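Observations on chain architecture
Here is how the chains run, residue by residue.
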Amino acid sequence: MSHAEAKDNVGAKLGMWLFLFTELLLFGGLFILYAVYLNRYPHEFAAGGHELNVVFGATNTVVLLTSSLLAAMSVTAIKQGEKRNAILLLLGTIGCALIFLGIKYLEWSAKIGHGIYPGSPKLGAGPPGESVFFSMYYLTTGLHGLHVIVGGVLLGWITTKIKSGAINAHDNVTVENGTLYWHLVDLIWIFIFPLYYLIL
């Protein structure tokens, strides 16, 4: 690798870290808002949390942790020149993303089917704190779900680049950056799960 290529790689990694920082600020703001409303409506938030499906939440946590492991292994594989393994590991990560989204779809469908969604008559007739809880829930998990979709598409694009040989053992900073983004998606869920599903 030439000196110029090394500088490009450092610049690309720095750019990704700065981007991830802005993403953390976004979700950090939502978590602070959550804390403010939790302090204001502790009982309503607890009641709302008990209406969420812990099994769905826990399963999605395991799915995302598994996906992060596969993503990390794909970086090691491409650096060792194991092109086929890197592709399979990334496909496994994308598969986990699809499973996560499928479970989230089932969960949202069940809630909406029971009349639990922002602005619904059922929530409107209840205490205001519960409506706030579910508005925060849909906003936060929806935004996170969007990041899962973006991450899955990004990893899919990276997989095609590995297959074509554009990304290889000597030029793999794109894989590192892509998996860094995916680890952030995983990390954010690690905060979402206890805040919404395990609230006492």
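Summarised in this report is the structure supplied together with it. (Residues numbered from 1 in each chain as written. Predicted model: local features only at pLDDT ≥ 70, side-chain atom pairs only at ≥ 80, totals over all residues. Heavy atoms only, no water.)

**Notes on the packing of helix α4 (residues 83-113) against helix α6 (residues 128-164)**
- Following both chains from N to C, one finds α4 and α6 inclined at 155 degrees, their axes separated by 9 Å at the closest point. Taken together, the axes of α4 and α6 are roughly antiparallel relative to one another. Note that α4 runs across α6; the crossing there is left-handed.
- Split into classes, the residues belonging to the contact of α4 with α6 amount to 18 nonpolar, eight polar and five charged. (Axes fitted to C-alpha atoms, helices over the stretch in contact; angles between N-to-C directions. Helix = DSSP H or I, 4+ residues; strand = E, 2+ residues; numbered from the N terminus. Parallel < 35°, antiparallel > 145°, perpendicular 65-115°, else oblique. Left-handed = near helix turned anticlockwise from the far one by under 90°. Nonpolar A, V, L, I, M, F, W, Y, C, P; charged D, E, K, R; others polar.)

**Examining the pattern of salt bridges**
- Summed over the entire model, instances satisfying the criterion amount to three salt bridges.
- A salt bridge links glutamate 176 to lysine 13; the shortest N-O distance between them is 3.3 Å. Highlighted residues: glutamate 176 in helix α7 (residues 173-197) and lysine 13 in helix α1 (residues 3-40), separated in sequence by 163 residues.
- The salt bridge involving lysine 79 is made with glutamate 176; its shortest N-O contact spans 2.9 Å. With a gap of 97 residues between them, lysine 79 in helix α3 (residues 54-79) and glutamate 176 in helix α7 connect regions that are remote in the sequence.
- Among the residues examined, lysine 79 registers a relative accessible area of 43% and is labelled partly exposed.
- Using a relative accessible area of 17% as the deciding quantity, one classes glutamate 176 as buried.
- Salt bridges sharing partners connect three or more residues here, namely Lys13, Lys79 and Glu176. (Salt bridge = Lys/Arg side-chain N within 4 Å of Asp/Glu carboxyl O. Buried < 20%, exposed > 50% of the residue type's maximum accessible area, 1.4 Å probe, protein only.)

**With respect to the packing of α3 against α7**
- It is at 10 Å that the axes of α3 and α7 come closest, and there the two elements cross at 160 degrees. Between α3 and α7, the crossing angle belongs to the class labelled roughly antiparallel. Relative to α7, the crossing made by α3 is left-handed.
- When its residues are assigned to classes, the contact of α3 with α7 shows 15 nonpolar, eight polar and three charged.

**Some thoughts on α4**
- In this model, α4 (31 residues) spans 45 Å end to end at C-alpha, consistent with the 45 Å of a helix rising 1.5 Å per residue.
- Positive backbone phi, approximately 75 degrees, marks glycine 115, located one or two places after α4. (Expected span 1.5 Å × (residues − 1).)

From the geometry alone we can't say anything about function, so treat these as descriptive.
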